[in-house]
Amino acid sequence: NNILELQGVSKAYNKGKPTEISILNDLDFTLATGEVVGLVAPSGAGKSTLLHIAGLLDTADAGHIAIAGVDQSGLSERKRTRTRRQDVGFIYQFHHLLPEFSALENIILPQMANGVSKVAATDRARDLLNRVGLEPRGTHRPAELSGGEQQRVAFCRALANEPKLLLADEPTGNLDPETSDTVFNALLDLVKETGLSALIATHNIELAGRMDRMVRLERGQLS
Ligand code: ADP
Ligand code: ADP
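Residues numbered from 1 in each chain as written. Chains lettered and ligands numbered in written order. Predicted model: local features only at pLDDT ≥ 70, side-chain atom pairs only at ≥ 80, totals over all residues. Heavy atoms only, no water.

An unreviewed UniProt entry lists the protein under the name Lipoprotein-releasing system ATP-binding protein LolD, with Paramylibacter ulvae as the source organism. The heading Sequence similarities (unreviewed entry) in the UniProt record of the protein holds the text "Belongs to the ABC transporter superfamily." (UniProt positions renumbered as here; feature names shortened; annotations may be inferred.)

Student: Account for helix 1 (residues 47-54), naming residues and giving values.
Tutor: For helix 1, a buried count of six out of eight residues is recorded, marking the element as mostly surrounded by other parts of the structure. Positive phi shows up at L56, right after helix 1, with a value of about 65°. (Buried < 20%, exposed > 50% of the residue type's maximum accessible area, 1.4 Å probe, protein only. Helix = DSSP H or I, 4+ residues; strand = E, 2+ residues; numbered from the N terminus.)

Student: Which residues make up the sheet that holds strand 2 (residues 21-32), and what values go with them?
Tutor: Read across the open sheet, the four strands follow the order 2-1-4-5; overall the sheet is antiparallel. Either end of the sheet is taken by a strand with one partner, and the two such strands are strand 2 and strand 5 (70-71). Each of strand 1 (2-13), strand 2 and strand 4 (62-67) is contacted by helix 1, which is oriented at about 125° to strand 1, the strand it contacts most. (Pairing = 2+ DSSP bridges. Contact = heavy atoms within 4.5 Å. Axes fitted to C-alpha atoms, helices over the stretch in contact; angles between N-to-C directions.)

Student: So what about the environment of D58? Which residues, and what values?
Tutor: Among the secondary structure elements, D58 is positioned in the loop between helix 1 and strand 4. You can call D58 partly exposed: its relative accessible area is 23%. For the pair D58 and K11, spaced 47 residues apart in the sequence, the C-alpha separation amounts to 9.9 Å. The contact partners of D58, leaving out residues within four places of it in the chain, are K11, Y13, H52, I53 and R80.

Student: Outline the site of ligand 1, supporting the account with residue identities and numerical values.
Tutor: Residues in contact with ligand 1, as listed here, are Y13, I23, P42, S43, G44, A45, G46, K47, S48 and T49. Residue G44 places a main-chain N or O atom 2.7 Å away from an oxygen atom belonging to ligand 1. The separation between an oxygen atom of ligand 1 and a polar side-chain atom of T49 is 2.6 Å. Coverage of ligand 1 by the protein amounts to 59% of the 570 Å² it exposes when considered alone. (Near = heavy atom within 4 Å. Polar contact = N/O pair within 3.5 Å; in protein donor to acceptor, adjacent residues only side chain to side chain. Areas by Shrake-Rupley, 256 points an atom, 1.4 Å probe, with all protein chains shown as cover.)

Student: Give me the pattern of salt bridges: which residues, what numbers.
Tutor: Pairing is possible between side chains of opposite charge, provided their charged atoms come close. Tallied over the full model, the rule gives 12 salt bridges. Across the salt bridge formed by R80 and E77, the nearest N and O atoms sit 3.5 Å from each other. A residue pair is termed a helical-turn pair when its members lie 3 or 4 positions apart in one helix, as R80 and E77 do in helix 2 (residues 77-87) at three residues. On the basis of relative accessible area, E77 is assigned to the partly exposed category, the value being 48%. (Salt bridge = Lys/Arg side-chain N within 4 Å of Asp/Glu carboxyl O.)

Student: Describe in detail the packing of aromatic side chains, supporting the description with residues and values.
Tutor: Per the counting criterion, the structure on display carries one aromatic pair. Taken together, a centroid distance of 6.0 Å and an interplanar angle of 10° make the contact between F90 and Y92 stacked. Accessibility expressed as a relative area gives 15% for F90, which makes it buried. (Phe/Tyr/Trp six-rings, centres within 6.5 Å; stacked < 30°, edge-to-face > 60°.)

Student: Tell me about the confidence of the model for the protein, and name the residues and values.
Tutor: Confidence along the protein averages 96 in pLDDT terms, with 100% of residues attaining 70 or more. ipTM for the predicted complex: 0.71, alongside a pTM of 0.89. (pLDDT = per-residue confidence, 0-100.)

Student: Kindly report on the site of ligand 2, identifying the contributing residues and their values.
Tutor: Looking at ligand 2, the residues that line it are R137, H140, E144, L145, S146 and E149. Between ligand 2 and R137 there is a distance of 3.0 Å, counted from an oxygen atom to a side-chain nitrogen or oxygen. Here a nitrogen atom of ligand 2 sits 3.1 Å away from a polar atom, N or O, in the main chain of E144. Here ligand 2 has 560 Å² of accessible area as a free molecule, and 38% of this is covered by the chains. Among the residues making up the shell around ligand 2, the classes are represented as one nonpolar, two polar and three charged. (Nonpolar A, V, L, I, M, F, W, Y, C, P; charged D, E, K, R; others polar.)

Student: Could you give an account of the nonpolar core, naming the residues involved and the relevant values?
Tutor: Nonpolar side chains in soluble globular proteins tend to be buried together. Counting 37 residues, the largest nonpolar core has I107, V153, L166 and I200 as its most contacted members. Broken down by secondary-structure element, the contributors of at least two residues to this core are strand 3 (36-40), helix 3 (103-113), helix 4 (118-131), helix 5 (147-159), strand 7 (165-169), helix 6 (177-194), strand 8 (197-201) and helix 7 (205-208). Filtering out sequence-adjacent residues up to four positions away, V153 remains in contact with L97, A103, I107, L129, L134 and L145. Ranked by size, the runner-up nonpolar core spans 29 residues in total, among them L56, V88, L167 and A201. (Core = buried A, V, L, I, M, F, W, Y, C linked by side-chain atoms within 4.5 Å.)

See below:
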C-alpha cells in the first residue's frame, strides 16, 4: 500500500537548447503509506524539482506518478489540480502565510475554500495550533510571530485539509540552527501523531536521520 510511486521519472530544463540540463534521470521512488522519508541532496541537485513533480505542481518529461494508487500521468489538468488540493500538503522554506490574517485564519481559510464550515474549520485550526504549542498565539498575525512560530503555523496550514501526502522542501532551512532543531521535531511529532505519509527534503543529514528512512538524490537518481 503506497501513497506515492514514481516510476522512470525524467526531467530536463531548457530542452533542445545548448543550455539543456538533465535534472531527474529515469528515477524510481516509492513512499509507503504512513512512512516518513528524508530526502537529502546538495543544493542544485533537483530536490525542489522532484517535490514539485511528486506534488503535481510541475510535469515530468517521462515516467509515471501515482498518488494513493492513482496514476496521474494521463489525467487532465483539472483532475491533477483536484488531487493536489485534496490529497497533497506542501511546506516550503518560507512560510508564505497571508500577512493580513491571523495564524488561526491562515489555517481556517483553506478549509473553508474546501467547503468545511467555519465552526468545524475553527475547531480543527485550534487543535492543530495546540499540537504545535501555539494555541495562545492564534490571534497574532504572522509579523507578530517569531520565525519558528511562523513556520509552525505553516505546518498547521499544510495539514488543514487532511492531506494524504505531505511534501516539505527545507521546512526549517530559513531558521537558525537551534530553532531549526526544535521546529523540525515539532513537525515530525505532528506528522507522526496524525499518521501522515511524508517526504521531507533537508540538506541536514542529522535531521534526515530522525526519519524512518533517508534517500539521496545524486546525478538524477535516488539511492
Ligand atoms: P534543489 O532544490 O536541489 O536546489 P532545484 O530542483 O531547485 O534544485 O534545481 C535543480 C537545477 O535545475 C538547478 O541547477 C537549477 O538552477 C535548475 N532549474 C530549476 N528550475 C529551473 C527552470 N525552471 N529552468 C531552468 N533551470 C532550472
Ligand atoms: P525568537 O526568540 O524566537 O526570535 P522573538 O524574540 O521574535 O522570538 O519573539 C518572542 C515572543 O514574542 C514570540 O513568542 C512572539 O510570538 C512574540 N512577539 C514577537 N513580536 C511580537 C509582536 N510584534 N506582537 C506580539 N507578539 C510578538
